[in-house]
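# Remarks on the overall topology
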Amino acid sequence: MDTTARDHYFSDFAQALRYWRGKRGLSQLALSAEADVSQRHISFLESGRSQPSRELILKLGLVLDVPLRQRNAMLLAAGFAPAYQERDLSDPELAAVRQALEFMLAQAAPYPALVVDRLWNLVMANEPAIAMMRFLLDMPAHAPIPRDGSLNVIRLTLTALRPMIVNWEEVCADQLLWLQREAMSDGPGSEATALLRELTALPATATRAPNLERRALPFLPLTLRKGDVTLNLFTTITTLGTPHDVTVHELRLESFFPADEASAAWFRALAEARR
């Protein structure tokens, strides 16, 4: 569990509990009622006067809706072993998950769909998504697109794809908001915080700090223009329900849908050309 240990950002459990209770906007009294624990005990836990049991940490993590990665961090901060595994998607035990994702990607064709991890590193994509990337980036027809987590989709969007995004302000704000949420969950020493710092330092984004007051739309409009081709799209995000593996919990499937007939026809023609 090296990756989990690396994400252990709290000095102790008391700090972690105070952080997550505050983030959820709950008073000690409200948390005690939700978790069926006395307010006095919550107070003692947050001051470090009492030490929690493993079962209580898991219960509080559930009540506070703490991400699985951070529930592991809370356990580590209290001296317990992590409760949730974190495995590579290629692990044989996750074969059924990968098969389900491959099925979902295939069903999205002829329109693009891709799977990313919590930092938006690309781990899976269907052929329409790969073909769209090659088109936008002027890549040869059979040039490889890495799907091993080494290609960050947000970094690609805010750099190489920047000149082709017509509604740049909207897309940039949405992308930075996703990363800001991860950074807030992980803490100041995290990969998410480092990536957010890197991307907000780019000339094109330096004046666009993430706005946490902004409500995320159920879908994101995206207009791409390259030469005489204009693609009007909207994207949706799908997550996997109630998994018990950190990796699976953090996967997101982003699907791209045409917002007009001209865009739909372009993708159909692209699919025909690949046959």
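Before going into details, it helps to say that this report is about the structure given with it. (Residues numbered from 1 in each chain as written. Predicted model: local features only at pLDDT ≥ 70, side-chain atom pairs only at ≥ 80, totals over all residues. Heavy atoms only, no water.)

## Re helix α7 (residues 95–108)
So the rule is basically this: Strands here mean DSSP runs of E at least two residues long; helices mean DSSP runs of H or I at least four residues long; both are numbered from the N terminus. One less than the residue count of a helix, multiplied by 1.5 Å, gives the span that helix is expected to have. Whether two residues touch is decided by their heavy atoms; if any such pair falls within 4.5 Å, the residues are in contact.
In this model α7 runs 20 Å from its N-terminal to its C-terminal C-alpha over 14 residues, within 8% of the 20 Å that 1.5 Å per residue would give. Tucked inside the fold, the buried residues of α7 contact β1 (113–116), β2 (122–125) and β5 (252–258).

## Quick notes on the packing of aromatic side chains
Stated formally: A pair of Phe, Tyr and Trp rings is counted when the ring centres sit within 6.5 Å of each other, with Trp represented by its six-membered ring. The angle between the planes then sorts it: under 30 degrees is stacked, over 60 is edge-to-face, the rest tilted. The cut-offs for exposure are 20% and 50% of the maximum accessible area for each residue type, with area from a 1.4 Å probe on protein chains only; residues under the lower value are buried, those over the upper are exposed, and the others partly exposed. For a lysine, the NZ atom is tested; for an arginine, the CZ atom; a charge sits over a ring if that atom is within 6 Å of the ring centre and within 35 degrees of the ring normal.
Taken as a whole and judged by the stated rule, the model has 6 aromatic pairs. Here the aromatic rings of Tyr111 and Phe267 are separated by 6.0 Å at their centres, their planes lie at 85 degrees, and the arrangement is edge-to-face. Taken as a pair, Tyr111 in the loop between α7 and β1 and Phe267 in helix α13 (residues 261–274) lie far apart in primary sequence, 156 residues in all. Here Tyr111 and Phe267 have matching classes, each one buried. Directly above the aromatic system of Phe44 lies the positively charged group of Arg49, at a separation of 4.0 Å from the ring centroid. Of note, Arg181 hangs over the ring of Trp178, and the distance from its end group to the ring centre comes to 6.0 Å.

## Considering the sheet that holds strand β4 (residues 229–239)
Note the cut-off: A pair of strands is considered paired only if DSSP assigns at least 2 bridges between the two. Only the stretch in contact is used when fitting a helix axis, every axis being a line fitted to C-alpha atoms; angles between N-to-C directions are given from 0 to 180 degrees.
One open sheet holds the 5 strands; their spatial order is β2-β1-β5-β4-β3, and the pairing between them is antiparallel. Each edge of the open sheet carries a strand with a single partner, namely β2 and β3 (220–226). Sheet twist, expressed as the average angle between the axes of neighbouring strands with direction ignored, equals 30 degrees.

## Quick word on unusual backbone geometry
Here the bond from Ala109 into Pro110 is cis, since omega is 15 degrees, no more than 30 degrees from zero. For Pro110, the position within the fold is in the loop between α7 and β1. Not every positive phi belongs to a glycine, and Asp138 is a case in point at roughly 55 degrees.

## Brief notes about empty space enclosed by the protein
Our working rule: Note on definitions: the grid is 1 Å and covers protein atoms alone; a cavity is a set of points where a 1.4 Å probe fits but cannot get out; a pocket is an open set with protein on both sides within 12 Å along at least five of seven lines; lining residues have an atom within 4 Å of a point. Grid points are joined across faces, edges and corners, and a volume is the space filled by probe spheres set on the points. Classes in brief: Ala, Val, Leu, Ile, Met, Phe, Trp, Tyr, Cys and Pro nonpolar; Asp, Glu, Lys and Arg charged; the others, Gly included, polar.
Going through the model one piece at a time under the given rule, you end up with 2 cavities of 30 Å³ or more. When its volume is computed, the largest cavity comes out at roughly 250 Å³. Lining the largest cavity are 17 residues, with Val153, Thr157, Leu161, Leu222 and Phe256 positioned closest to its centre. In terms of residue class, the lining of the largest cavity is built from 13 nonpolar, 3 polar and 1 charged. In this structure, the second largest cavity spans a volume of roughly 30 Å³. Grouping the amino acids of the lining of the second largest cavity by side-chain chemistry returns 5 nonpolar, 2 polar and 1 charged.

By themselves, these observations are geometric and do not establish any function.
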